[in-house]
Amino acid sequence: MQNSTVKKLHEHWRAGYGPIRHRDDTITRMDALVDRLAADGRIASADDAYAMLAAADRLSCAAMRVVAHMTYARRIDPAGAPLAAGDFKPDPEGHTGGSLNMVPAFVAYLLANALTGKTRGWLMGQGHCVAAIEAVNTLTGDVSAAQRGRYDRSEAGLGRLVMDFYSYAMDGRGLPAVPLGSHAGPNTAGAVSEGGYLGFADLQYVHMPLPGENLVAFLSDGAFEEQRGADWATRWWRAEDCGQAVPVMILNGRRIEQRTQIIQEGGAHWLAEDLRHNGFDPIIVDGRDPSAIAWAILASEERLAASLAAADFHYPARLPYVIAETEKGFGFPGAGTNAAHNLPLNGNPSIDRAARDAFNESARALFVPGLELDAAIATLVNHHDQERPLESEHPMAHRRPGPPALPAPAWETVGSQGSAMTTLDRWFVALVRANPQLRVRIGNPDELASNKMGGTLALLKHRVNRPEAGVPEDLLGSVITALNEEAVAAAALANKAGLNLIVSYEAFAVKMLGLLRQEIIFARRQKELGQPPGWLSVPLVVTSHTWENAKNEQSHQDPTIGEALLGEMADTSRVLFPVDGNSAVAALRAVYAQRGQLACAVVSKRDGVHHFDAQAAEALVEQGAAHLAGDPSTSALQFIAIGAYQLEEALKARAHLARLGHECCVSVVLEPGRLRIPRDSLEAAFVLSDAAVHALFPPGLPRVLLCHTRPEPMLGVLRRLDDGPARTRALGYISRGGTLNVSGMLFANRCTWAHAVDAAAATTGWRREDVLDPSLLRAIDGLGDPADLLVSQDR
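From a predicted model like this one, the values you see are computed outputs, not experimental measurements.

*Asks:* What's the story with the overall build of the chain in this structure? I'm lost.
*Replies:* Regarding its fold elements, the chain presents 31 helices and 20 strands. The C-alpha radius of gyration of the chain comes to 30 Å, within 12% of the 28 Å expected for a compact globule of 795 residues. On the principal axes, the C-alpha backbone points of the chain span a range of 100 × 65 × 45 Å. Per-residue burial over the chain gives 59% buried out of 795 residues. Counting contacts in the chain only where the partners sit at least 6 residues apart, residues at least 24 apart contribute 77% of the total.

Given below as structure tokens:
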């Protein structure tokens with residue numbers, strides 16, 4: 001600070017603004033940073049830097065004031081005058097305390113970008129704090145296309161913002177009628193996740209940036225309790241294929257009802273020690289001060305870069321972690337209390353004079369005069385001068401890799417036997433080799449090789465810090481392996497610039513459901529808004545599934561993941577039941593040709609017959625269903641198989657009835673969602689038309705469905721095929737199991753070929769005694785020997 005101008009600007013910043021004060025350690029740290037930036041030529045002069053720091057204080061205060069108004073008020077007075085009772089909402093709502101805490105953190109992110117001339121990406125795990133982002137974006141003018149012209153820092157624009165917040169407005173289609181929600185969404189400029197499921201951002205952030213990109217991930221101390229695996233980031237990060245990611249935990253000390261576990265255990269210093277133990281390089285700063293947080297972001301990047309350049313560097317790298325220590329709801333009455341989470345005032349200011357006075361007093365302390373605020377924003381919004389994109393345009397918010405090369409499969413011979421997973425593995429290896437430009441991430445909860453994907457593992461290898469000799473491990477492996485379904489799935493779902501695959505036991509994939517659903521609903525909302533996501537679709541292959549995991553106890557026998565995902569919108573959440581190797585490969589190939597979808601493919605790993613040739617497999621995938629045996633137009637009954645083991649039983653039932661002179665057909669449903677009744681226009685464009693459904697499944701024809709899943713949810717999805725209980729029966733998993741073999745599992749759930757024949761008799765009017773001999777009837781009625789079913793099939 002060699003001249004009076006710099007000294008004056010420095011003092012201007014040091015004085016703080018409103019409730020924001022700068023601690024001595026912050027001033028010392030920031031002075032040193034400004035000196036380095038000036039010496040390196042990264043800023044034009046120190047006075048520019050101090051002007052930015054002072055501007056950040058003012059923008060933070062103004063945005064905190066907007067956040068408070070978004071919760072409580074119907075308008076914002078541009079001159080800072082107190083509000084009257086009628087200016088307040090009768091039913092205030094908001095996640096006020098966390099949003100107030102997020103404001104200085106998000107402004108710090110803007111400040112770090114402005115100081116360095118580099119636009120970093122951002123991710124917010126606590127999506128309920130969206131008011132902070134929307135308030136800052138509205139003030140700076142960096143709003144989404146849907147918000148442009150509606151929200152700005154004029155009195156009218158801010159008035160619309162506060163009135164839209166929790167307005168519950170809905171259009172005639174039943175969709176939100178305003179571009180503002182309770183959590184981050186596609187209308188939140190720059191958002192990449194809703195952040196409604198706490199803890200998933202902690203798992204994903206390290207996998208998001210590509211080399212040369214930088215990310216700031218805002219995390220919460222409450223979410224620290226949610227998901228196992230956030231402390232494994234140092235296992236996965238490599239400078240060779242990852243960009244820098246700086247997590248910023250907003251340590252405000254409170255959840256909804258009590259102090260967080262971090263505070264109960266010892267606070268910021270306890271957390272820092274825990275992080276060091278897990279390989280991080282934590283920095284504790286004042287979370288009330290945007291300058292302190294901005295310094296920590298930049299210092300973290302510098303420290304990581306310096307460690308990478310050291311001659312003795314080796315992995316794991318000590319990754320940055322910023323702990324921004326604050327009190328919940330700082331800057332507003334009720335700060336530091338449980339009430340700060342939602343409505344921090346002791347009463348409703350629309351009817352309570354004391355609450356109204358407390359609101360107005362706090363808002364007055366946060367007020368920034370219009371011209372002063374305009375000058376502060378102009379100082380920070382320097383994108384044009386620095387020739388850098390707006391924060392809403394950061395690369396992670398606009399992923400669209402080029403179309404992948406999709407090699408032709410090596411199709412299996414019809415009638416031959418083999419594992420569908422082996423066929424799939426062979427094609428996936430070819431896919432990876434055909435697309436070297438795409439970063440690959442495989443989410444693997446431990447059993448990739450035993451799930452018949454040994455070729456993939458041999459090529460891509462487990463990512464580890466210290467490879468073990470003789471094991472497919474590598475420092476730069478692409479297979480993210482941990483016995484934690486959420487953590488490994490997060491790696492694939494975060495890698496939106498690349499090529500991804502998740503492989504899991506079916507029963508344990510349900511642990512991923514919250515993470516999958518967060519991705520699905522965000523992508524679906526983007527489509528509804530005309531902003532379809534550009535990332536390559538991600539398959540979740542679930543194998544060692546309910547029927548072939550008969551040898552293990554019932555914990556391993558669970559089709560819930562497919563059932564749950566069938567409940568989501570079918571054009572975004574696809575559920576596929578391939579029945580052999582060729583249909584599995586054709587399905588996976590079709591998934592990778594699409595964008596913005598999650599596809600759960602239930603694939604058998606045990607050997608089975610390959611039923612579909614190349615052309616038939618591709619047609620099956622194209623329509624979602626196809627005939628395999630017989631002709632519906634000349635059949636007395638239609639068996640519908642949904643799943644590989646179900647197909648084998650359907651074919652046995654057909655053969656049995658054919659020997660008795662009853663002509664039946666067997667059809668396969670690969671993708672039930674293609675056949676459902678559409679729930680909106682997007683889904684209507686995805687499902688088959690009524691004419692196409694009727695051509696495959698003629699109305700009035702008796703049917704027996706053999707379902708991989710429980711029968712009831714599948715009947716609901718396939719309502720267009722269901723002519724009522726007299727003409728349609730469904731067999732499937734009825735929550736029976738144990739330590740059994742496959743035939744035992746089928747029998748226990750009444751899903752054998754003989755049970756299918758019995759159901760066929762019920763829908764056609766045939767006498768049971770005419771289609772099943774006494775020993776078979778006794779067996780399926782629970783009075784005989786299940787082995788008689790096998791004996792009968794062998795005759």
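*Asks:* For this particular structure, what's the right way to read the sheet that holds strand β5 (residues 319-325)?
*Replies:* The strand order across the open sheet built from five strands is β1-β2-β3-β5-β4, with neighbouring strands paired in parallel fashion. In this open sheet, the two edge strands, each paired with only one partner strand, are β1 (121-124) and β4 (280-286). Strand-to-strand, the axes of this sheet are offset by a mean angle of 20°, without reference to chain direction. Relative to β5, β4 runs parallel, the two being bridged by seven bridges. Residue pairing for β5: Asp286 is matched across the bridge by Glu325.

*Asks:* Would you take a moment to explain the nonpolar core for this structure?
*Replies:* Side chains of a nonpolar character, in soluble globular proteins, are inclined to be buried together. Core analysis: the largest hydrophobic core is formed by 94 residues, its most contacted members being Met102, Phe218 and Val248. Ignoring anything within four residues of it in the chain, the contact list for Met102 reads Met124, Gln126, Cys129, Ala132, Ile133, Phe218 and Ile250. Judged by nonpolar contacts, the second largest core, of 78 residues, contains Met208, Ala509, Ile640 and Met714.

*Asks:* What am I meant to see in the environment of Tyr50 here?
*Replies:* If you trace the backbone, Tyr50 turns up in helix α3 (residues 46-72). The exposure class assigned to Tyr50 is buried, which follows from its relative accessible area of 1%. Taking the C-alpha atoms as reference points, Tyr50 and Arg14, separated by 36 residues in sequence, lie 9.1 Å from one another.

*Asks:* Honestly, the packing of aromatic side chains in this entry has me stumped. Any pointers?
*Replies:* When we look at a pair of aromatic rings, we describe it by the centre distance and by the angle of the planes. One pass over the full model with this rule turns up 18 aromatic pairs. Where Phe106 meets Trp122, the ring centres are 5.3 Å apart and the plane angle is 80°; that geometry is what we call edge-to-face. Taken together, the positions of Phe106 in helix α4 (residues 96-116) and Trp122 in strand β1 put the pair 16 residues apart, joining distant regions of the chain. Exposure class is identical for Phe106 and Trp122. Each is buried. Ring geometry for Phe428 and Tyr592: centres 6.3 Å apart, planes at 35°, overall tilted. One end of the pair, Phe428, is in helix α15 (residues 420-434); the other, Tyr592, is in helix α21 (residues 581-592), and 164 residues separate them in sequence. On the basis of relative accessible area, Tyr592 is assigned to the buried category, the value being 1%.

*Asks:* Explanation requested: the sheet that holds strand β18 (residues 664-669) in the structure shown.
*Replies:* Two orientations exist for strands paired in a sheet by backbone hydrogen bonds: parallel and antiparallel. The strand order across the open sheet formed by five strands is β16-β18-β17-β19-β20, and the pairing between neighbours is mixed. Of all strands in the sheet, those bounded by a partner on one side alone are β16 (625-629) and β20 (728-731). Neighbouring strand axes in the sheet, compared pairwise and without regard to direction, differ in orientation by 25° on average. Where strand β17 (residues 637-642) and β18 come together, five bridges link them in parallel fashion.

*Asks:* Honestly, the packing of α3 against helix α12 (residues 353-366) in this entry has me stumped. Any pointers?
*Replies:* A pair of packed helices can be characterised by two numbers: the angle between their axes and the separation between those axes. Two elements in contact, α3 and α12, have axes separated by 8 Å at closest approach and are oriented at 155°. When the axis of α3 is compared with that of α12, the two are roughly antiparallel. The way α3 lies across α12 gives a crossing that is left-handed. Facing Cys61, Ala62, Met64, Arg65, Ala68, His69 and Tyr72 of α3, the residues of α12 in contact are Phe359, Ala363 and Leu366. Looking at the contact of α3 with α12 residue by residue, the class counts come to eight nonpolar, one polar and one charged.

*Asks:* Explain the pattern of salt bridges to me, please; I cannot follow it from the model alone.
*Replies:* Side chains that differ in sign of charge can pair as their charged atoms come close. Inspection of every chain in the model, using the stated rule, returns 45 salt bridges. Notably, a salt bridge pairs Asp374 with Arg153, separated by 3.0 Å at the nearest N-O pair. Of this pair, Asp374 sits in helix α13 (residues 370-380) while Arg153 is found in the loop between α5 (130-140) and α6 (155-164), placing the two residues 221 residues apart along the sequence. Note on Asp374: relative accessible area 34%, which makes it partly exposed. Arg388 is the salt-bridge partner of Glu391, the closest N and O atoms lying 3.0 Å from each other. An identical accessibility class is assigned to Glu391 and Arg388; each is buried.

*Asks:* I'm lost on the pairing of β17 in this one. Help?
*Replies:* Each regular strand displays side chains that alternate between the two surfaces of the sheet. Taken across its six residues, β17 has six buried, putting it largely inside the fold. Burial along β17 is two-sided: the face carrying Leu637, Phe639 and Ala641 and the face carrying Gln638, Ile640 and Ile642 are both buried. In terms of handedness, the path from β17 via helix α23 (residues 644-659) over to β18 forms a crossover that is right-handed.

Here is what the cut-offs are and how they apply
- Residues numbered from 1 in each chain as written.
- Predicted model: local features only at pLDDT ≥ 70, side-chain atom pairs only at ≥ 80, totals over all residues.
- Heavy atoms only, no water.
- Helix = DSSP H or I, 4+ residues; strand = E, 2+ residues; numbered from the N terminus.
- Rg over C-alpha atoms; globule rule 2.2 N^0.38 Å.
- Buried < 20%, exposed > 50% of the residue type's maximum accessible area, 1.4 Å probe, protein only.
- Contact = heavy atoms within 4.5 Å.
- Pairing = 2+ DSSP bridges.
- Axes fitted to C-alpha atoms, helices over the stretch in contact; angles between N-to-C directions.
- Core = buried A, V, L, I, M, F, W, Y, C linked by side-chain atoms within 4.5 Å.
- Phe/Tyr/Trp six-rings, centres within 6.5 Å; stacked < 30°, edge-to-face > 60°.
- Parallel < 35°, antiparallel > 145°, perpendicular 65-115°, else oblique.
- Left-handed = near helix turned anticlockwise from the far one by under 90°.
- Nonpolar A, V, L, I, M, F, W, Y, C, P; charged D, E, K, R; others polar.
- Salt bridge = Lys/Arg side-chain N within 4 Å of Asp/Glu carboxyl O.
- Right-handed = clockwise from strand over helix to strand, strands pointing away.

These figures come from the coordinates and say nothing about function on their own.
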